[in-house]
Amino acid sequence: MKFIKKLFAVILALSITLSLFACENRGSAFDFTCFNTYIHIQTATKPISKDTENKIKSTFFELESEFDANKENSIVYRFNNGLKNTPITLSDKAVEIFTQVDTAYAFTQGGFDPTVYPLVKLWGFAPYKLTVNFTPPTIEQINTAKAKIGYEKLCFDKENKTLTKLDDFVKLDLGGIVKGYAADLAALILQNSGYTDGYVSVGGSSLNLLKVDTLSIRHPRKTNEHIIKVLCGNDKNISLSTSGDYERYHLGADGKKYCHIIDTKTGAPTTTGVASVTVMGVSGALSDAFTTAGCLLSYDNDNHESSPLTIYLKNIITTYDGAKVFAVISTENDKIILTNAKTDDFTLNDNDYLIKSL
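Since the model is a prediction, treat every value here as computed from it, not as a measurement.

Section: the side chain of threonine 37
At step 1: Along the chain, threonine 37 turns up in strand 3 (residues 37-42).
At step 2: Taking relative accessible area as the criterion, threonine 37 reaches 12% and is therefore assigned buried.
At step 3: Separated by 3.0 Å, the side chain of threonine 37 and the backbone oxygen of phenylalanine 35 make a polar contact.
At step 4: Here the side chain of threonine 37 touches lysine 179 through a polar contact of 3.2 Å, side chain to side chain.
At step 5: If near-sequence neighbours (up to four positions away) are discounted, threonine 37 is found in contact with Phe32, Lys179, Val202 and Gly203.

Here it is as structure tokens:
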């Protein structure tokens with residue numbers, strides 16, 4: 001009973017929940033923890049074999065061993081604690097991931113920066129534990145951490161499969177992008193094993209949908225509610241991610257929330273009023289990076305077309321054919337959802353919000 005209650009609480013807290021297609025559910029599910037994150041694998045019409053389960057778990061644990069910043073033999077740990085100008089040899093998977101990192105950094109114009117780790121640690125999010133009466137770091141501490149950040153402080157050599165530290169203090173955190181990458185690999189294992197429906201959920205915010213009926217995006221301002229329900233009837237093998245300012249945060253003595261999404265330009269948690277961004281139809285690794293970067297951008301309802309967030313989201317949907325986006329802006333003055341989805345493809349569950357098309 002305790003496990004059931006705990007599982008139910010976890011499901012309610014997820015950024016995205018899903019319902020499966022099959023009327024008669026003959027599938028199965030299994031759960032485990034990796035990357036310090038709750039993983040849920042679900043199918044609808046065919047039970048998951050033990051062999052397939054073991055392949056998926058092995059894939060996740062191998063990635064964790066290779067990319068977890070706290071594991072001494074991982075690439076990230078060796079880079080963070082290594083010497084300047086000393087190349088680290090990369091595996092084929094690492095080359096794939098750093099290629100995605102390169103793409104994400106360029107596309108977001110630095111909004112996604114894997115060297116943000118010193119600021120993430122300074123603000124108490126590495127590791128994270130909710131802090132009440134949180135005291136923000138000083139300007140001096142922030143400036144010191146900012147001086148250690150910069151993607152130009154490392155060199156990824158794709159051809160020679162190496163990663164080199166060009167600055168003694170630069171450190172990496174690839175947690176988000178690796179989780180999306182892992183979700184896609186797990187879905188591929190399911191697909192290659194003959195599964196045609198179901199999904200892979202990594203923490204409820206990074207997913208790959210083999211085939212599901214609907215997905216519901218969590219309401220960023222109302223506990224245990226969903227703001228949008230999206231129909232996915234014809235969508236297959238879709239990667240998606242949601243990032244928001246409501247998932248991990250500290251509470252200041254004045255009640256102010258300090259969220260985990262850090263802007264490298266200011267050195268502080270984002271305060272744009274973009275409560276959440278969801279991207280569908282882009283690879284798991286890239287959608288993780290794109291949603292995080294989206295939360296850093298400002299939006300002005302009076303200047304919709306010229307707002308940085310509008311321009312950025314339009315760039316995603318024009319660059320990646322079939323991509324869908326949902327951005328929730330929640331401020332004292334504006335309650336808006338930006339999307340390119342057709343009105344027949346989703347249901348709005350909170351009429352306080354206005355839908356604006358991209």
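So, the side chain of threonine 278
At step 1: Assignment of secondary structure puts threonine 278 in strand 17 (residues 274-280).
At step 2: Given a relative accessible area of 0%, threonine 278 falls into the buried group.
At step 3: A polar side-chain atom of threonine 278 sits 2.6 Å from a polar atom in the side chain of threonine 242.
At step 4: Non-local contacts of threonine 278, meaning those with residues more than four positions away in its chain, are made with Ile217, Leu240, Ser241, Thr242, Thr291, Lys324, Val325 and Phe326.

Focus: the confidence of the model for the protein
At step 1: Here the protein averages 90 in pLDDT, and 92% of its residues register 70 or above.
At step 2: Across the protein, the element-wise mean pLDDT spans from 38 in helix 1 (residues 2-13) up to 98 in helix 9 (residues 308-319).
At step 3: Here residues 1-13 is a poorly scored stretch, pLDDT under 50, and it has 5 contacts once near neighbours within four places are set aside; other chains count.

Things to note about the packing of helix 4 (residues 92-107) against helix 8 (residues 284-294)
At step 1: The contact between helix 4 and helix 8 brings their axes to 10 Å, and the two run at 30°. Of the possible angle classes, the one that applies to helix 4 and helix 8 is roughly parallel. Our pair here, helix 4 against helix 8, has a crossing hand that is right-handed. For the pair helix 4 and helix 8, contact is made by Gln100, Thr103, Ala104 and Phe107 and by Ala285, Leu286, Ala289 and Phe290, respectively.
At step 2: Of the residues contributing to the contact of helix 4 with helix 8, the split by class is 6 nonpolar, 2 polar and no charged.

What about the sheet that holds strand 3?
At step 1: The sheet built from 9 strands is open, its strands ordered 2-3-8-9-12-17-18-19-21 with mixed pairing. Where the open sheet ends on each side, the last strands, each with one partner, are strand 2 (29-34) and strand 21 (354-357). Looking at each pair of strands side by side, their axes are set apart by 15° on average, direction ignored.
At step 2: Strands in contact with helix 8 are strand 9 (206-211), strand 12 (238-244) and strand 17; relative to strand 12, the strand with the most contacts, it is inclined by about 25°.
At step 3: Against the sheet, helix 9 engages strand 17, strand 18 (324-330) and strand 19 (335-339), with an angle of about 165° to strand 18.

Digging into the pairing of strand 7 (residues 162-165)
At step 1: Judged by which residues are buried, strand 7 turns out to be covered on both faces: Thr162 and Thr164 on one side and Leu163 and Lys165 on the other are all buried.
At step 2: Relative to strand 7, strand 4 (residues 88-89) runs antiparallel, the two being bridged by 2 bridges. Its bridge partner being in strand 7, isoleucine 88 is matched across the sheet by leucine 163.
At step 3: Taken together, the 4 bridges between strand 6 (residues 154-157) and strand 7 define a ladder with antiparallel strand orientation. Pairing of cysteine 155 across the sheet is with threonine 164, part of strand 7.
At step 4: Hairpin connection from strand 6 to strand 7: 4 residues lie between these consecutive antiparallel strands, with lysine 161 at a positive phi of about 55°.

Here we look at the pattern of salt bridges
At step 1: Applying the stated rule across the entire model yields 8 salt bridges.
At step 2: Across the salt bridge formed by lysine 50 and glutamate 53, the nearest N and O atoms sit 3.5 Å from each other. On the criterion of helical spacing, the pair formed by lysine 50 and glutamate 53 is a turn pair, its members being 3 residues apart in helix 2 (residues 50-67).
At step 3: Owing to a relative accessible area of 54%, lysine 50 belongs among the exposed residues under this scheme.
At step 4: Here glutamate 53 falls in the buried class, since its relative accessible area comes to 11%.
At step 5: Among the salt bridges present, the one from lysine 55 reaches aspartate 51, with a minimum N-O distance of 3.4 Å. Of this pair, lysine 55 and aspartate 51 both sit in helix 2, 4 residues apart, which is roughly one turn of that helix.

Regarding the nonpolar core
At step 1: Phe60, Phe67, Ile177, Phe290 and Ile316 are the most contacted members of the largest nonpolar core, which has 72 residues in total.
At step 2: The greatest single-element share of this core, amounting to 10 residues, is contributed by helix 7 (residues 175-192).
At step 3: Ignoring anything within four residues of it in the chain, the contact list for isoleucine 316 reads Phe107, Val279, Val282, Phe290, Ala323 and Val325.

Some remarks on the packing of helix 8 against helix 9
At step 1: One way to put it is that helix 8 packs onto helix 9 with a least axis distance of 11 Å and a crossing angle of 165°. In terms of axis orientation, helix 8 runs roughly antiparallel to helix 9. The two elements helix 8 and helix 9 cross, and the hand of that crossing is left-handed. Packed against helix 8, whose contacting residues are Phe290, Ala293 and Gly294, the element helix 9 presents Leu309, Tyr312 and Ile316 at the interface.
At step 2: Residues that form the contact of helix 8 with helix 9 fall into these classes: 5 nonpolar, 1 polar and no charged.

What counts as what
- Residues numbered from 1 in each chain as written.
- Predicted model: local features only at pLDDT ≥ 70, side-chain atom pairs only at ≥ 80, totals over all residues.
- Heavy atoms only, no water.
- Helix = DSSP H or I, 4+ residues; strand = E, 2+ residues; numbered from the N terminus.
- Buried < 20%, exposed > 50% of the residue type's maximum accessible area, 1.4 Å probe, protein only.
- Polar contact = N/O pair within 3.5 Å; in protein donor to acceptor, adjacent residues only side chain to side chain.
- Contact = heavy atoms within 4.5 Å.
- pLDDT = per-residue confidence, 0-100.
- Axes fitted to C-alpha atoms, helices over the stretch in contact; angles between N-to-C directions.
- Parallel < 35°, antiparallel > 145°, perpendicular 65-115°, else oblique.
- Left-handed = near helix turned anticlockwise from the far one by under 90°.
- Nonpolar A, V, L, I, M, F, W, Y, C, P; charged D, E, K, R; others polar.
- Pairing = 2+ DSSP bridges.
- Salt bridge = Lys/Arg side-chain N within 4 Å of Asp/Glu carboxyl O.
- Core = buried A, V, L, I, M, F, W, Y, C linked by side-chain atoms within 4.5 Å.

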